Amino acid sequence: MRRLCRAGTIRIGIGVLAWVTLLLAVDACTPRGEVPAQEKPITINLNVKSDHEIRLKLDKGLDQVLSSDNGRLDRAKAKGLIGEKTNGYLGAVNPSNAEVQALIKGANQKRRQAYEDIAKRNRISIQSVEQLAGEKAIQNAKPGNFIEGPGGWMKK
């Protein structure tokens, strides 16, 4: 009977030892992911919605400013005397015409005042408003009108 107990104890001991060994082996093979610390902090831009809302407000305001040009300006644009510049203002395609220069000066003063108002209302720089106005004015220019390009005046 003693022999049976010892054999049973040994069997139980070997079984327990086998399970412990198996569990240790499985635990040792478990992948562990380690992420090294970043040298620079991670920044997340949460102003996307605000920027989008401001741009929409600016678009509406600029549409009103750019569409309020008078008939004389439209005729001068159609004749190729005046063109839209990338900075949101009008320019003379041929600067020697004094009447066209006066027309441009008056229109650009009105635009400047409107851009300042839009910039104040939206708490942004006037340069940002001018840049957006230039993009919109060139985008909205009629085919055949002059626009300012990288190399100077060109027809749209």
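Going by the structure above, here's the rest.
Attention now moves to the overall build of the protein chain. Within the protein chain, the regular secondary structure consists of five helices and four strands. Relative to its 156 residues, the protein chain shows a buried fraction of 28%. Long-range pairs, those at least 24 residues apart, make up 51% of the contacts in the protein chain between residues at least 6 apart in sequence.

Before going further, it helps to spend a moment on the sheet that holds strand β2 (residues 90-92). Strand pairing in a sheet takes place through backbone hydrogen bonds and is either antiparallel or parallel in direction. Strand order across the open sheet formed by four strands is β2-β1-β3-β4, with mixed pairing between neighbours. Two strands lie at the open edges of the sheet, namely β2 and β4 (152-155), each paired on one side alone. Averaged over neighbouring strand pairs, the angle between their axes works out to 45 degrees when direction is ignored. Pairing geometry for strand β1 (residues 82-84) and β2, over three bridges, is antiparallel. Note that in β2 the partner of E84 across the bridge is L90. Packing of helix α3 (residues 71-78) onto the sheet brings it into contact with β1 and β2, and relative to β1 it is tilted by some 95 degrees. With respect to the sheet, helix α4 (residues 98-122) is in contact with β1 and β2, its orientation differing from that of β2 by roughly 165 degrees.

Despite not being glycine, R123 shows a phi value in the positive range, around 55 degrees. Following the sequence through the fold, R123 ends up in the loop between α4 and α5 (126-140).

Right, let's talk about the pairing of strand β3 (residues 146-149) for a bit. In the case of a regular strand, side chains alternate between the two sheet surfaces. Bridge count between β1 and β3: two bridges; the pairing is parallel. Residue pairing for β3: E84 is matched across the bridge by I147. Bridge count for β3 against β4 is four bridges, and the pairing is antiparallel. Of the residues in β4, the one forming a bridge with I147 is M154. Two successive antiparallel strands, β3 and β4, enclose a turn made up of two residues.

The rules behind each value
Residues numbered from 1 in each chain as written. Predicted model: local features only at pLDDT ≥ 70, side-chain atom pairs only at ≥ 80, totals over all residues. Heavy atoms only, no water. Helix = DSSP H or I, 4+ residues; strand = E, 2+ residues; numbered from the N terminus. Buried < 20%, exposed > 50% of the residue type's maximum accessible area, 1.4 Å probe, protein only. Contact = heavy atoms within 4.5 Å. Pairing = 2+ DSSP bridges. Axes fitted to C-alpha atoms, helices over the stretch in contact; angles between N-to-C directions.

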